[in-house]
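Descriptive structure summary
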Amino acid sequence: MTRTKLFKSVVPAVVLGLLTLGLTSTLASAVTPSGSNTTSKTIAVSVTVADSCTIATNPLAFGTYVGTTLNGTTTLTVTCSASGAIYAVGLDAGKGSGATDQSRYMTGPNSALLNYNLYANSGMTVDWGNIAATNWQTYTVATGKVAQPAATVYGQIPGSQVSVVGNYSDMVTATVTY
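Attention here is on the structure that accompanies the text. Keep in mind that what you see is a predicted model, and the values were worked out from it rather than measured. (Residues numbered from 1 in each chain as written. Predicted model: local features only at pLDDT ≥ 70, side-chain atom pairs only at ≥ 80, totals over all residues. Heavy atoms only, no water.)

Our focus in this paragraph is the sheet that holds strand β3 (residues 86-91). Backbone hydrogen bonds hold the strands of a sheet together, and the pairing may be parallel or antiparallel. In spatial order, the strands read β6-β3-β8; together these three strands make up an open sheet with antiparallel pairing. Every other strand in the sheet has two partners, leaving β6 (137-140) and β8 (174-177) as the edge strands with one partner each. Neighbouring strand axes in the sheet, compared pairwise and without regard to direction, differ in orientation by 25° on average. (Pairing = 2+ DSSP bridges. Helix = DSSP H or I, 4+ residues; strand = E, 2+ residues; numbered from the N terminus. Axes fitted to C-alpha atoms, helices over the stretch in contact; angles between N-to-C directions.)

Below is the structure:
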């Protein structure tokens, strides 16, 4: 007799023998409770929602400067862990040599500088800087929300600047304080 035939004939016989001896019901009773007695204990479940915020930024690409005032915009989005959170966003002076919150510089060929500034309003009258009491922008996350709608950053390169032809850039760090 081959192994397969032997297996097919032995397995059903073993199962039938176990059923006859009542061994399967013993195994089943080990899995299924037989009584109606119960006892209970509660599980304490908790979590602490920590103050946590993240910030996402987008690039500000002005386009091509030809000596006249050039405006541009970008957005940044803050997401906090708790609705109702109050946070402030500051923008540093950037990496340009001699830059301040009120007068930033992009660096170009041969370290040439091109002046620009960042503002919190479309009228470009509110400098957006990194001084807590002066020019941070403060927001409150709406109740029931964790993400604030994107904030617009308004940029302007003043006209009449003499500059070297080429590409200019800067890196401004946006910081959220909560």
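What follows is about the nonpolar core. Within soluble globular proteins, side chains that are nonpolar generally end up buried alongside one another. The biggest cluster of nonpolar side chains holds 24 residues, and the ones touching the most others in it are Leu76, Val78 and Ile157. Taken together, the elements giving at least two residues each to this core come down to β2 (70-80), β3, β5 (113-119), β7 (151-157) and β8. Broken down by element, this core gets its largest block of residues, four residues, from β2. With residues up to four places along the chain from it excluded, the contact list for Val78 reads Cys53, Thr54, Ile55, Tyr87, Val89, Val146, Ala147, Gln148 and Val176. (Core = buried A, V, L, I, M, F, W, Y, C linked by side-chain atoms within 4.5 Å. Buried < 20%, exposed > 50% of the residue type's maximum accessible area, 1.4 Å probe, protein only. Contact = heavy atoms within 4.5 Å.)

Attention shifts here to the sheet that holds β5. In space, the five strands of this open sheet follow the order β1-β2-β7-β5-β4, with antiparallel pairing throughout. Of all strands in the sheet, those with a lone pairing partner are β1 (53-57) and β4 (104-107), marking the two edges. When strand polarity is set aside, the average angle formed by the axes of neighbouring strands in this sheet is 30°. Bridging between β4 and β5 involves four bridges; their strand directions are antiparallel. Within β5, the residue paired with Arg104 across the bridge is Tyr116.

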